[in-house]
Amino acid sequence: MDIWSPKLHLATWTVMSFLCVFSHEVTVRDSDLKLCEKDERVCVTDLRACAPRPPASIQKTLNMSCCYQISHRSMTCEWSQESNSYTESDVSLIFSSGDTIISCQGIFNPAAVLNVTARIKNYMMGREVWSQPHTVFLYDAVKPSQPVLTVLGSTEDSIVVSWRSNVGDGSCRLHYKDDNTHTWTQAPDYFPAHQDQTLTYTIRDLLTFTVYRAAVACREDSGIWSDWSSDVSMRTLDRVPSRPPEVCYRVETTDSGGSFLLHLMWKDLDLRDAGGRILGYQVSYKPVKKQQLQDRITKNVTDVTALLVVEEGNCSVTVTAFNTAGCGPAAHLSIDTQTQNTLPSVRSLWVSSSFPAMKGLLVQWESPTASPSVPPVSHLAVQWHPGTRPSTSRWTTVDNNTTSTVIQDVEPDEYYLISVFPIYPHQQCGSPQLLPASLQQGALMEPIQLKVGVVTKTTVTVVWVWQRKAGPIRVNRYRVMLTKESESETLSLWPDHLQLTFNNLKPNTEYSLLLLADDVSRNIIPVRTDFDEMPVVATATPLLLLAVIVFIISILSRTVYKSYFFPPISTPWNSTTGQWLMDPNHQKTAERNLLDIEDFQVTDVLGEKSLITVCPNSQPSLEEDLHEDTSLLLISHLIIKPSALELDSEYISDAPVITEHPLVSLLSYHADSVFPSEESREADAAMLHQTHEANNCFPQKEEESDFSERLHQKEKETALKCHFREFMPNNHCAYQITCEAEYVSSFLGKTDV
């Protein structure tokens with residue numbers, strides 16, 4: 001007798017955690033059975049089940065059902081059981097017969113009647129359960145053979161299938177599902193079936209251009225169902241898109257004048273509205289001022305964005321979705337490039353992940369900054385697509401008050417490009433904020449090169465650079481902290497910011513700057529605020545003002561005291577004339593001025609030339625008594641003899657007399673005494689000497705020389721009254737000159753020769 005080892009062909013466990021109910025299904029082939037040595041009427045899958053049932057074991061009545069498969073020479077039994085344990089149990093079947101069994105390989109036949117007992121052993125709990133024997137008449141428990149299902153055709157929303165019945169009088173059932181899901185949909189009715197009957201069924205209300213799978217099973221009157229047929233797959237047809245795409249736009253200026261960049265973005269149509277698979281989109285642009293057909297520009301794109309270069313002014317844009325069935329309705333835009341304003345985008349975009357606790361990406365942002373010149377946001381759009389498959393993008397919209405959303409159904413091993421942009425009235429949209437992210441790491445961006453920018457007395461500006469994340473570390477939040485002892489201030493970092501400023505700091509204070517990644521410090525930078533000059537200035541200003549006031553009072557007091565106790569006394573040392581006379585180094589010109597005798601010849605004034613003879617005095621002793629600096633010759637010491645002198649008194653009176661430095665006093669000069677006496681000459685010499693000494697001590701100013709003015713007036717009055725006597729024979733004539741009018745006045749007026 002051959003002994004076969006027990007083998008569990010199929011066991012399906014379904015655990016319902018709330019009810020704690022286990023569903024068991026066990027299929028046993030005849031080759032898996034072994035005959036017990038002590039009882040030849042029992043075949044088991046496990047020889048340990050040949051022993052009598054232990055007294056401590058529990059015997060229960062299970063809702064068991066069994067079927068017999070003739071083609072496979074096997075029997076399948078199934079039941080459900082409540083349990084307090086979630087651990088797996090060891091299940092074996094015991095088949096017993098009323099007759100002696102010669103070989104367990106032949107017990108499965110249509111004429112056999114068997115009692116089936118289930119033995120369930122839980123080694124973790126130390127508990128063993130035996131079921132009550134379940135009697136099976138194999139003829140009545142025969143399982144029908146598996147039917148064969150075929151596809152006859154499909155439409156936009158339906159599929160026609162057919163199969164051949166292999167049961168006598170019974171029924172069949174059919175189920176189907178979308179190829180991308182795991183849930184089967186049961187057909188609403190059972191189909192009556194007879195032997196070798198061909199059945200046809202139409203599956204309706206399907207999605208267009210979608211792959212479906214279907215299977216069928218049949219049963220006899222005994223109620224035992226056949227196995228499900230092999231799955232068949234089929235695809236529904238396309239339908240013309242039923243709706244236009246939702247399009248928004250934004251306009252940007254270019255460097256070249258007269259043209260603009262038109263950015264178009266739209267949402268993929270839902271599968272039901274798309275009529276199937278969208279092959280692409282047709283974008284058409286036409287300036288309003290031009291109506292010719294050749295002026296219309298049309299392009300096909302497979303993405304959900306398009307970039308057009310448009311002219312200045314009004315233009316018309318249409319976007320249409322198309323598939324194999326044709327083009328759907330178009331979305332129309334009327335755009336005026338001259339009235340477009342740049343609209344703000346969302347701020348502080350970030351993506352975080354809680355995988356594996358949550359199989360999704362949390363996208364967060366801040367709404368655009370409100371402004372009177374910017375219209376309010378109508379709603380926001382969130383778009384994402386795999387980084388390796390840009391054409392398979394998806395789109396969702398949220399209301400204008402929402403600042404976060406969760407993206408579901410993302411693959412753990414794929415990274416995604418996620419963008420968020422606001423949509424304004426009249427189908428205008430702001431610039432999208434883009435961020436790469438994955439389910440394993442969250443946002444794939446990190447800040448680097450953190451450093452201190454500008455430091456003032458009360459502010460510190462921090463700058464950094466964003467780069468693609470290099471390591472596999474997941475960080476859900478980056479922050480920067482400025483701390484001092486027990487005080488600290490924390491600000492968050494966002495990809496759309498490259499700097500931030502800490503305000504209201506203390507001057508001349510040491511701080512520590514920390515870069516935090518999920519509250520873990522990555523970098524520490526010391527920073528000190530600038531020195532505050534205001535307290536110093538506030539303290540020094542009153543002192544300076546007090547010092548200035550004291551200084552001014554002291555100056556004024558000194559002036560008052562000096563004027564009261566020491567009145568000012570005039571001194572010749574401070575006058576200009578006195579300083580000039582006391583200066584021993586007078587400036588001397590390099591050029592000497594020699595007196596030319598011919599210049600003294602007067603011709604034009606007299607009408608005819610007259611000879612004037614000038615000779616020195618016969619007593620030169622007076623020259624020796626004078627100071628060596630005296631270079632002037634007194635009028636009383638000159639002897640003038642004209643040959644024929646007739647002068648106009650008016651001409652003589654107009655001649656100027658220079659009296660800036662009158663060194664000679666001419667009180668003794670008289671017009672009638674051309675040849676003075678000895679006493680007069682001595683008096684003149686004495687007076688000249690006294691005048692010279694007086695001038696050295698008290699130099700006179702030009703405006704105070706009244707004597708020179710009176711002398712000049714007297715000369716003018718008496719110049720024509722002079723009588724020149726004949727020269728004496730013994731008188732020595734020094735010079736004979738011919739004087740003209742200007743030199744007569746010059747000679748009478750100048751005091752330095």
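Per chain, residue numbering runs from 1 following the sequence as it is written. The predicted origin of the model limits local features to residues at a pLDDT of at least 70 and limits the giving and counting of side-chain atom pairs to 80 or more, whereas totals for whole chains, interfaces and linings rest on all residues. By convention in this description, side-chain values take in all heavy atoms of the structure and omit both hydrogens and water.

Looking now at the packing of aromatic side chains. For any pair of aromatic rings, geometry is given as the distance between the ring centres together with the angle between the planes. Paired rings are identified among Phe, Tyr and Trp, the last through its six-membered ring, by centres lying within 6.5 Å, and are further divided according to the angle between planes into stacked (under 30 degrees), edge-to-face (over 60) and tilted (the rest). Following the criterion strictly, the structure yields nine aromatic pairs and no others. Ring plane angle 65° and centroid distance 5.4 Å describe the contact between Tyr190 and Trp225, whose orientation is recorded as edge-to-face. You can see Tyr190 sitting in the loop between strand 16 (185–186) and strand 17 (191–193) and its partner Trp225 sitting in the loop between strand 19 (211–219) and strand 20 (232–235), a full 35 residues away along the chain. Only protein chains enter the accessibility calculation, which uses a 1.4 Å probe; a residue whose area is less than 20% of its type maximum is buried, one above 50% is exposed, and one in between is partly exposed. By relative accessible area, which is 45% here, Tyr190 ends up partly exposed. Given the relative accessible area of 16%, Trp225 is considered buried. By way of ring pairs, the aromatic residues Trp163, Phe191 and Tyr201 are connected into one cluster. Charge-over-ring placement is defined geometrically: NZ (Lys) or CZ (Arg) within 6 Å of the ring centre, and within 35 degrees of the ring normal. Lying over the aromatic face of Trp184, Lys177 brings its terminal NZ or CZ to 5.4 Å of the ring centre. Above the plane of the ring of Phe209 lies Arg235, whose end atom (NZ or CZ) is 4.5 Å from the centre. Only DSSP runs of H or I covering at least 4 residues are called helices, and only runs of E covering at least 2 are called strands; the numbering of each starts at the N terminus.

Next up on the list: the confidence of the model for the protein chain. Averaged over all residues, the pLDDT of the protein chain equals 75, while 71% of them reach at least 70. For residues 617–677, every residue scores under 50 in pLDDT, and the model assigns this stretch 124 contacts once sequence neighbours within four places are set aside. What pLDDT conveys is the predictor's confidence in a given residue, as a value from 0 to 100. By definition, residues are in contact when any of their heavy atoms lie within 4.5 Å. Across residues 696–708, where pLDDT falls below 50, the model places 22 contacts with residues more than four positions away in sequence or in other chains.

Attention shifts here to the sheet that holds strand 29 (residues 360–366). Picture the strands of a sheet paired through backbone hydrogen bonds; they go either parallel or antiparallel. Each pair of strands is called paired provided DSSP finds at least two bridges between the two strands. Read across the sheet, three strands follow the order 28-29-32 without closing on themselves; strand pairing throughout is antiparallel. Because the sheet does not close on itself, it has two edges, and the strands there are strand 28 (347–353) and strand 32 (404–408). Neighbour to neighbour, the strand axes of the sheet diverge by 20° on average, direction disregarded. A fitted line through C-alpha atoms represents every axis, and for helices the fit uses only the stretch in contact; the resulting angles, taken between N-to-C directions, go from 0 to 180 degrees.

Here a salt bridge means any side-chain nitrogen of Lys or Arg lying within 4 Å of a carboxyl oxygen belonging to Asp or Glu. Applying the stated criterion across every chain, the model contains 18 salt bridges. Here Arg243 makes a salt bridge to Asp273, at a shortest N to O gap of 3.5 Å. Placement of Arg243 in the loop between strand 20 and strand 21 (247–253) and of Asp273 in helix 1 (residues 271–274) is noted, with a sequence separation of 30 residues between them. Of the residues examined, Arg243 reaches a relative accessible area of 40% and is grouped as partly exposed. The shortest N-O distance in the salt bridge between Arg347 and Glu366 comes to 3.5 Å. Of this pair, Arg347 sits in strand 28 while Glu366 sits in strand 29; the two residues are 19 residues apart in sequence, bridging distant segments of the chain. Given a relative accessible area of 31%, Arg347 falls into the partly exposed group.

Here we take up the sheet that holds strand 14 (residues 159–164). The strand order across the open sheet formed by three strands is 13-14-18, and the pairing between neighbours is antiparallel. A single partner strand is all that each edge strand has here, and the edge strands are strand 13 (149–154) and strand 18 (198–203). Neighbour-to-neighbour, the strand axes of this sheet turn through a mean angle of 25°, independent of strand direction. Of the pairings in the sheet, the one linking strand 14 to strand 18 comprises six bridges and is antiparallel in character.

Below, the discussion takes up the state of the cysteines. Working definition: a disulfide is two cysteine sulfur atoms within 2.5 Å of each other. Overall, the coordinates contain four disulfides when judged by the stated rule. Across a sulfur-sulfur distance of 2.0 Å, Cys36 and Cys50 are joined as a disulfide pair. Looking down the S-S bond of the Cys36 and Cys50 bridge, the torsion is -80°, so its handedness is left-handed. Of this pair, Cys36 sits in the loop between strand 4 (34–35) and strand 5 (42–44) while Cys50 sits in the loop between strand 5 and strand 6 (58–60), and the two are 14 residues apart along the sequence. Residue Cys50 is classed as partly exposed on the basis of its relative accessible area, which comes to 31%. Each sulfur of the disulfide joining Cys172 and Cys218 lies 2.0 Å from the other.

The subject of this paragraph is the pairing of strand 28. Judged by how many residues are buried, strand 28 sits mostly within the fold: six of seven residues are covered. Where strand 28 lies against strand 29, five bridges are found, and the strand directions are antiparallel. The partner of Val351 across the bridge, within strand 29, is Val363.

Relative to the assigned elements, Ile159 resides in strand 14. Along the sequence, Ile159 and Ile203 sit 44 residues apart, while their C-alpha atoms lie 5.1 Å from each other. Apart from residues lying up to four places away in sequence, Ile159 is in contact with Val151, Gly153, Ser154, Tyr201, Thr202, Ile203, Leu206, Tyr212, Met234 and Thr236.

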